[in-house]
Amino acid sequence: MTEDDAFVEHRKLIVAGSGISGLSAAIYAGRSNNEPLVFEGDEPGGQLTLTTEVENYPGFPEGISGPELIQNMKTQAERFGAEIDHGIVEDVDASDRPFTVTMKNGDVYTADAVIAASGASARTLEIPGEDDLMGYGLSTCATCDGAFFRDEKILVVGGGDAAMEEASFLTKFASTVYIAHRREEFRAEDYWIDRVMEKVDKGEIEIMRNTEVTELHGTPEEGVDHVTMVRHPEGHPTEKLDDSETETFEFDVGAVFYAIGHTPNADYLEGTGVRRDEEGYVLAKGGRDGGQTATDVPGIFAAGDVVDHHYQQAATAGGDGVKAALDADDYLEDLEREEAASEPEPEPAAAESDD
Ligand SMILES: Cc1cc2nc3c(=O)[nH]c(=O)nc-3n(C[C@H](O)[C@H](O)[C@H](O)COP(=O)(O)OP(=O)(O)OC[C@H]3O[C@@H](n4cnc5c(N)ncnc54)[C@H](O)[C@@H]3O)c2cc1C
């Protein structure tokens, strides 16, 4: 904390993230009287606000739009006393208790417990057309959005396990799946390459090696119409645009799925002692009993896509948020008991004099 930072207040519980895991945590924490303060981060509502229709979230037989689901959860969390505020957590100092939580704008809070529900951001290519078409024919989640593109030509971008898995999955719906990979060789495990090659043999998947997408064309109303692509025989064509061997062409597709990885949003936990894996995902304890969302630092819990690089679904992230709120509640109750036990005994009242 520097001189310029402004102390705002102390809270029992701060939740970093207002995606489905943060809001699920907030509903439960509110009902446990832990008065959570939820910071929205730079993507209020999280990844679900990027999608039009969520068809697999239990309880909505006709589906529900991502933004509507999130808005409902916000209203529900606020009904139970959660406060939802703008703000990006920049740093958590766990060297002392309570924790010091410093925001990007310099505001400073202290908190007895913190839930990291800050999600993971799908990597994008940062090319023209992306912002307009995300959620309208461009997606980063095949499980979520594949079924919207029955009998369409679908392009998957990537060359790792996720790209192979998504491409295989998308053959259920697509007329043909195309995989565009910027190099000759795939990074994916042999297992996944073999699965894909079986589908190549059946004519369900076509591979476009040494090829990258440089622009997406279409409209939010009509979806993706076609993409501009570049190819160079030695790979990485976008780095060789001026090379005479680089070929540029237009390619018709009905949908594009990026499968180029996710980046977990957890840098603000750096230095706290919370362990993360090599990709940056927070390591929580898991296991069969309570305390599943506990990190290595007592009082810091983690939920949703910031922990989970496997399932990455709304229902699983929401369930994780619920667990984190319950785990935090156990922790806060223990803390209260410890504090009460360490308070000095009250002085015995002086005996009243008879005279
Ligand atoms: C296009 C798309 C469509 C999808 N469709 C479906 C679907 O149909 N069904 C399904 O089950 N799943 C779907 N998913 C996956 C689902 O959205 C995620 O699994 C889920 O949103 C994860 O929730 P989360 O709360 O863990 O993280 P996120 O939704 O990523 O939310 C993270 C939150 O943390 C905040 N944050 C980040 N850093 C900070 C910080 N430093 N300080 C404070 N806050 C911070 C962000 O602003 C955001 O509010 C889809 C994903 C995408 C991208």
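Position numbers for residues start from 1 in each chain and track the written sequence from start to end. A pLDDT threshold of at least 70 governs which residues receive local features in this predicted model, and a stricter bar of 80 or more applies before side-chain atom pairs are shown or counted, although totals over entire chains, interfaces and linings include all residues. The side-chain quantities take in all heavy atoms of the structure and omit both hydrogens and water.

- In the annotation of an unreviewed UniProt entry, the protein chain is listed under the name Thioredoxin reductase and assigned to Halogeometricum pallidum JCM 14848.

Overview of unusual backbone geometry
Item 1. Pro 98 follows Arg 97 through a cis peptide bond whose omega is -5°.
Item 2. In the Ramachandran plot, Glu 35 falls in the positive-phi region, its phi being about 40° despite a non-glycine side chain.
Item 3. Counting from the N terminus, the helices are the DSSP runs of H or I reaching at least four residues and the strands are the DSSP runs of E reaching at least two. Among the structural elements, Glu 35 can be located in the loop between helix 1 (20–31) and strand 2 (37–39).
Item 4. Notably, Gln 312 is not glycine yet its phi reads approximately 45°, a positive angle.
Item 5. In this structure, Gln 312 sits in the loop between strand 17 (300–302) and helix 7 (314–342).

Things to note about the site of the ligand
Item 1. Every one of the 36 residues lining the ligand counts as a neighbour, but Ser 21, Glu 40, Glu 43, Asn 56 and Ala 314 are closest to it.
Item 2. Between the ligand and Ser 21, the relevant distance is 2.7 Å, taken from an oxygen atom to a side-chain nitrogen or oxygen of the residue.
Item 3. Here a polar contact is recorded for every N or O atom pair within 3.5 Å, except that within protein the pair must consist of a potential hydrogen donor and a potential acceptor, and residues adjacent in sequence are included only if both atoms are side-chain atoms. One of the side-chain nitrogen or oxygen atoms of Gln 313 is found 3.1 Å away from an oxygen atom of the ligand.
Item 4. Mapped by element, the contributors of at least two residues to the shell around the ligand are helix 1, helix 4 (142–145) and helix 7.
Item 5. Built from parts of two domains, the shell around the ligand gets at least three residues from each of domain 1 (8–121 + 262–334) and domain 2 (130–258). For each residue, the test is whether any non-hydrogen atom lies within 4 Å of the molecule or strand; if one does, the residue is near. By convention here, the domain bounds are inherited from an automatic or database domain assignment.

Quick notes on the nonpolar core
Item 1. Nine residue types can take part in a nonpolar core, namely buried Ala, Val, Leu, Ile, Met, Phe, Trp, Tyr and Cys, and a core is a set of them joined through side-chain atoms within 4.5 Å. A simple rule labels every residue: compare its accessible area, found with a 1.4 Å probe on the protein chains alone, to the largest value its type can have, and call it buried under 20%, exposed over 50%, or partly exposed in between. Ranked by size, the top nonpolar core spans 33 residues in total, and within it Leu 13, Ile 20, Leu 48, Ile 115 and Phe 301 carry the most contacts.
Item 2. Only strand 1 (6–16), helix 1, helix 2 (66–79), strand 6 (107–116) and helix 7 provide two or more residues apiece to this core.
Item 3. Take this core: its biggest share by element is 8 residues, from helix 7.
Item 4. In contact with Ile 20, other than residues within four places in its own chain, are Leu 48, Tyr 57, Leu 69, Ile 70, Met 73, Ala 314, Ala 317 and Gly 318. Contacts: residue pairs with any heavy atoms within 4.5 Å of one another.

A closer look at the pattern of salt bridges
Item 1. By definition, a salt bridge exists where a carboxyl oxygen of Asp or Glu is found within 4 Å of a side-chain nitrogen of Lys or Arg. What the rule picks out here adds up to 12 salt bridges.
Item 2. When the shortest N-O distance is used, the salt bridge between Arg 11 and Glu 83 registers 2.8 Å. Note that Arg 11 is positioned in strand 1 and Glu 83 in strand 3 (residues 83–85), a separation of 72 residues in sequence.
Item 3. Overall, the relative accessible area of 10% leaves Arg 11 in the buried class.
Item 4. Overall, the relative accessible area of 35% leaves Glu 83 in the partly exposed class.
Item 5. For Arg 337, the salt bridge is made with Asp 334, and the minimal N-O distance between the two is 2.6 Å. Of the two residues, Arg 337 and Asp 334 are both situated in helix 7; the distance of 3 residues between them amounts to about one turn of the helix.
Item 6. Three or more residues are tied together by salt bridges with common partners; here these are Glu 9, Arg 11 and Glu 83.

Some thoughts on helix 1
Item 1. End to end, helix 1 covers 17 Å across 12 residues, agreeing with the expected 16 Å (1.5 Å per residue, within 8%).
Item 2. Burial runs high along helix 1: 10 of the 12 residues are buried.
Item 3. Among all positions of helix 1, only Ile 20, Ser 21, Gly 22, Leu 23, Ser 24, Ala 25, Ala 26, Ile 27, Ala 29 and Gly 30 are buried.
Item 4. Tucked inside the fold, the buried residues of helix 1 contact strand 1, strand 2, helix 2, strand 3, strand 6 and helix 7. One less than the number of residues in a helix, times 1.5 Å, gives the span that helix is expected to have.

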